[in-house]
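Chain by chain, the residues run as shown.
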Amino acid sequence: MQPLHPEPTSRRPVWTWAGAAAGLALALTMFLNTRAPNTPSAASRPATETFVVSGAVVLGDGTSFTRDDRGGCAGTGAHADVVDGAVVLITTTGGFAGGTLTDPQALADGTCRFSFSAPRVPAGQDAYLVMVADQDPRQYTEQELTGPSVSLRVD
């Protein structure tokens, strides 16, 4: 006999990510529109100016990831969604941009590092929400995201 309800899967369909991105962008827009108006420097930038956020996502302790036999790694437990190919989403009131995690490496210092690059991030915004995989989003400034190599730690 087959169960009435199929077993849930751990992978989410692509449309779930798109819906989450749209909902997060809408929530961020509503939140930031209730705050004070943009600063003159942010308001004076053209709306079409963008920048690229490149860097690494780091899982910081041996209990949050597993190593494979090729020197790679993948998140486990509460971080099981932090894997090669997972989405990195950056949202602002001016739009959103995204990239994917690549090149997972288990490092000698006991961390797991993924590279990522997110092109076409809208410039001149007051705040940027960054969400890695299905982890809680964190807020950053443009200055924090425009360094030579951004390091986002997932705890």
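This one's a predicted model, so the numbers in the text were calculated from it and none came from an experiment.

About the cut-offs
Residues numbered from 1 in each chain as written. Predicted model: local features only at pLDDT ≥ 70, side-chain atom pairs only at ≥ 80, totals over all residues. Heavy atoms only, no water. Helix = DSSP H or I, 4+ residues; strand = E, 2+ residues; numbered from the N terminus. Buried < 20%, exposed > 50% of the residue type's maximum accessible area, 1.4 Å probe, protein only. Contact = heavy atoms within 4.5 Å. Areas by Shrake-Rupley, 256 points an atom, 1.4 Å probe, with all protein chains shown as cover. Phe/Tyr/Trp six-rings, centres within 6.5 Å; stacked < 30°, edge-to-face > 60°. Polar contact = N/O pair within 3.5 Å; in protein donor to acceptor, adjacent residues only side chain to side chain. Pairing = 2+ DSSP bridges. Axes fitted to C-alpha atoms, helices over the stretch in contact; angles between N-to-C directions.

**Details of the overall build of the protein chain**
Okay, step 1: Counting its secondary structure elements, the protein chain contains three helices and ten strands.
Okay, step 2: For the protein chain, the succession of helices and strands along the chain, N to C, is α-α-β-β-β-β-β-β-β-β-β-α-β.
Okay, step 3: The burial tally for the protein chain puts 35% of its 155 residues in the buried class.
Okay, step 4: Taking all contacts inside the protein chain whose residues are at least 6 apart in sequence as the whole, residues at least 24 apart take part in 62%.
Okay, step 5: Entry remark: accessible area of the protein chain is about 9300 Å², with carbon and sulfur atoms responsible for 56%.

**Considerations on the packing of aromatic side chains**
Okay, step 1: Scanning the entire structure with this criterion turns up one aromatic pair.
Okay, step 2: Ring plane angle 75° and centroid distance 5.8 Å describe the contact between Phe51 and Tyr128, whose orientation is recorded as edge-to-face. You can see Phe51 sitting in strand β1 (residues 50-59) and its partner Tyr128 sitting in strand β8 (residues 128-132), a full 77 residues away along the chain.
Okay, step 3: With a relative accessible area of 12%, Phe51 lands in the buried category.
Okay, step 4: With a relative accessible area of 0%, Tyr128 lands in the buried category.

**A look at the side chain of Glu142**
Okay, step 1: Along the chain, Glu142 falls in helix α3 (residues 142-145).
Okay, step 2: Take Glu142: its relative accessible area is 16%, and that puts it in the buried class.
Okay, step 3: Polar contacts involving the side chain of Glu142 include one to the side chain of Tyr128, which spans 3.1 Å.

**Description of the sheet that holds β8**
Okay, step 1: Within the open sheet, the four strands sit side by side as β5-β4-β8-β9. Their pairing is antiparallel. Each edge of the sheet is formed by a strand with only one pairing partner; in this case those strands are β5 (95-100) and β9 (138-140). Neighbouring strand axes in the sheet, compared pairwise and without regard to direction, differ in orientation by 25° on average.
Okay, step 2: Two elements, strand β4 (residues 87-92) and β8, share four bridges in a ladder whose sense is antiparallel. Following the sheet pairing, Val88 is matched in β8 by Val132.

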